[in-house]
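Chain and residue survey
This is what each chain is made of:
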Amino acid sequence: MINLDVFFTIKEILTFQGGYYGLNIRESQKRADQLLEQLGLQDKSNAKARQLSGGMKRRVQIAKSLMHNPEILILDEPTAGVSPIVMDDLFTRIIEVGKTGVGILMVEQNAKQALGIANRGYVMVNGENRMEGSGKDLLNNPDVRKSFLGG
């Protein structure tokens, strides 16, 4: 579920989020500008949430999560309900966030895409860990390919 206040601009939403973590207004606005650029939202900074596509709303949610420079970003199906093109863009942006040193823990139904970017992956079935390894190893594992990736 996307939870964004529809009465404020995207930059205001991010600035408020920074305040929740103790950033002063100047620090919060500076961090908001950095994240808007990093996540490709700078041209939407004055837009209201209801004016954004689903993929852009997902990026705003990620930006909110990053406002306080966390060590770990936890994503629960960040690509749910978005088109394949938007999904590719979101994964590219998630990779870029990871390159900044933020650890990323992600639950994702799109196993092929998620394992393609994962340093470490786990295949869960009914809450049980069935396999684990590097994303690349899991993608190349015939059991994983047959059972979870359609062959």
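Structure's up top.
Position labels on residues start from 1 in each chain and follow its written sequence. At least 70 in pLDDT is required for a residue's local features to be given in this predicted model, at least 80 for side-chain atom pairs to be given and counted, and no such filter applies to totals for whole chains, interfaces and linings, which use all residues. Hydrogens and water are ignored here; the side-chain numbers use all heavy atoms of the structure.

**Notes on the pairing of strand E1 (residues 72–76)**
Where we set the bar: Think of it in three bands: with a 1.4 Å probe and only protein chains considered, a residue is buried below 20% of the maximum accessible area for its type, exposed above 50%, and partly exposed in between. Helix and strand assignments follow DSSP, with helices taken as H or I runs no shorter than four residues and strands as E runs no shorter than two, numbered in order from the N terminus. DSSP-based pairing: two strands are paired if at least 2 bridges between them are found. Clockwise travel from the first strand over the helix to the second, with the strands pointing away from the viewer, marks a crossover as right-handed.
Taking every second residue as pointing to the same face, the buried face of E1 carries Leu73 and Leu75, while none of Ile72, Ile74 and Asp76 on the other face is buried. Where E1 meets strand E2 (residues 103–107), 5 bridges bridge the pair, whose relative direction is parallel. Its bridge partner being in E2, leucine 73 is matched across the sheet by isoleucine 104. A crossover links E1 with its parallel partner E2, the connecting element being helix H4 (residues 84–99), and its sense is right-handed.

**So, the side chain of arginine 31**
In plain terms, the rule: We define a polar contact as two N or O atoms separated by no more than 3.5 Å, with the added condition that, inside protein, one atom must be a possible hydrogen donor and the other a possible acceptor, whereas residues neighbouring each other in sequence contribute only through side-chain atom pairs. Any two residues whose heavy atoms approach within 4.5 Å are treated as being in contact.
Relative to the helices and strands, arginine 31 resides in helix H2 (residues 25–38). A polar contact is formed between the side chain of arginine 31 and the side chain of asparagine 69, at a distance of 2.9 Å. Contact partners of arginine 31, with chain neighbours within four places excluded, come to Leu66, Met67 and Asn69.

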